[in-house]
Amino acid sequence: MNHQISPSKYTKITFLHFRAIRSERSPEEQYSVGYMQDNGFRFDRYNTWSTIEEHLHKLRDENPDLVTLIEIGRTHENRSILVVKVSGHRSLAPERVSIWIDAGIHAREWIAPATALIMLDKLVNDYKRDPEIQTFLDNIDWYILPVMNPDGYEYSHSKNRMWRKNRRPAQCKKNYFHTICCSGVDLNRNFDWFFGSTGASADPCHETYHGPAAFSEPESRAVKEFLEKNPVKAFITLHSYSQLWLIPYGHRKRSYPQDYSTALRPLALRATKALNKLYGTKYAVGTGADLMCK
Ligand SMILES: [Zn+2]
């Protein structure tokens, strides 16, 4: 999951990211699209964390038979890290399996939480009427973490639209003339897989600062501890932007897990083909290192 890119590539991506953000629709335009509402919650706009949190509680209260909320930890600013568990009424398989989907590890990538929320809504609300969704829910426990970095997400709404990291309190460093203090850790560089290697920075002021140690941050630690107790068959993490379906490994070019060509890549090709059929979108498939570090 730690897709890593070179600093020059990173600057280019950040610039393009900024350009994409500039073309976001204005709030007025967002409000003018009147479709896709669920009980007052709007799926056609970027909601604040408090609105999302309220929506998740409501979803649980209205569907107690399908939805469980699990607080897997709390952030530096004491926000809740909320996993939504969705499972059906009947258990058809002898042993249930689990799928994990998280979004919003990077604060400014707002479309990722919005996508996780609409997936969640579809699973819950179509269960009663769609046989395919029934099969999904009766055989699989879905763990969905729509906003993994709520502090950063909120900060990107209220203070700095381009904020990427979490909100770890500022660390200060002195040089000859002055002291510089910078906050935040890139949670996507805070896991222990090749911690601190290429594509991560040791400088607290950098966008890809990896933190003082692997799993130093409440958000990444909460995910790790939860997954250790609840092993999953599939792990999907949503980012933006790019039309990429990234599969492991991400730390080095031409480095692949054993089941890369027998399972991971064929599955990714099936998934992207299905997306293309439905939406006409085209995704490149490969490892983060192979696709992003040219
Ligand atoms: Zn990202």
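Residues numbered from 1 in each chain as written. Predicted model: local features only at pLDDT ≥ 70, side-chain atom pairs only at ≥ 80, totals over all residues. Heavy atoms only, no water.

**Structural notes on the coordination of the zinc ion**
How we decide: With water excluded from the atoms, a metal site may look incomplete; its donors are any N, O or S atoms within 2.8 Å, or within 3.2 Å for Na, K and Ca. A four-donor site is classed as tetrahedral when every donor-metal-donor angle falls between 85 and 135 degrees; four donors are called square planar, and six octahedral, when trans pairs exceed 155 degrees and all remaining angles lie between 65 and 115, with any other arrangement labelled irregular. The way it works is that DSSP assigns letters per residue, a run of H or I at least four long becomes a helix, a run of E at least two long becomes a strand, and they are numbered from the N terminus. Buried means the residue's accessible area, taken with a 1.4 Å probe over protein chains only, is under 20% of the maximum for its type, while exposed means over 50%, and partly exposed covers the values in between.
For the zinc ion, the protein coordination sphere consists of His106 (ND1), Glu109 (OE), Glu109 (OE) and His239 (ND1), at 2.0 to 2.4 Å. Coordination at the zinc ion is irregular: its 4 donor atoms span angles of 56 to 149° at the metal. Within one chain, the residues donating to the zinc ion are spaced in sequence as H-x2-E-x129-H. With a gap of 130 residues between them, Glu109 in the loop between β5 (97-103) and α4 (111-125) and His239 in the loop between β9 (234-238) and β10 (244-247) connect regions that are remote in the sequence. Taking the relative accessible area as the measure of exposure, Glu109 reaches 5% and is therefore buried.

**With respect to the pattern of salt bridges**
For clarity, the threshold we go by: Whenever a carboxyl oxygen of Asp or Glu lies within 4 Å of a side-chain nitrogen of Lys or Arg, that contact is scored as a salt bridge.
All chains considered together, the criterion is met by 16 salt bridges. Asp44 is the salt-bridge partner of Arg42, the closest N and O atoms lying 3.0 Å from each other. Its relative accessible area of 14% is what places Arg42 among the buried residues. One salt-bridge network, in which partners are shared between bridges, spans Glu77, Arg79, Asp151 and Arg167.

**What to know about the nonpolar core**
This is how the line gets drawn: The criterion is simple. A nonpolar core is a set of buried Ala, Val, Leu, Ile, Met, Phe, Trp, Tyr and Cys residues joined through side-chain atoms within 4.5 Å. Contact definition: two residues touch when any of their heavy atoms are within 4.5 Å.
With 31 residues, the main nonpolar core has Ile52, Leu56, Leu120, Leu137 and Trp142 as its most contacted residues. Contributions of two or more residues to this core are made by α3 (49-62), β3 (67-74), β4 (80-86), β5, α4, α5 (131-139) and β6 (140-145). It is α4 that contributes the most residues to this core, 6 residues altogether. For Ile52, the residues in contact, after removing those within four places along its chain, are Phe41, Asn47, Leu117, Val147 and Tyr153.

**Brief notes about helix α7 (residues 218-229)**
In plain terms, the rule: The span expected for a helix works out to 1.5 Å for each residue beyond the first.
With 12 residues, α7 extends 16 Å between its outermost C-alpha atoms, agreeing within 8% with the 16 Å of an ideal straight helix rising 1.5 Å per residue. Considered for burial, the residues of α7 that qualify are Pro218, Glu219, Ser220, Ala222, Val223, Phe226 and Leu227. In this fold, the buried residues of α7 make contact with β3, β4, β5, β6, α6 (150-158) and β9.

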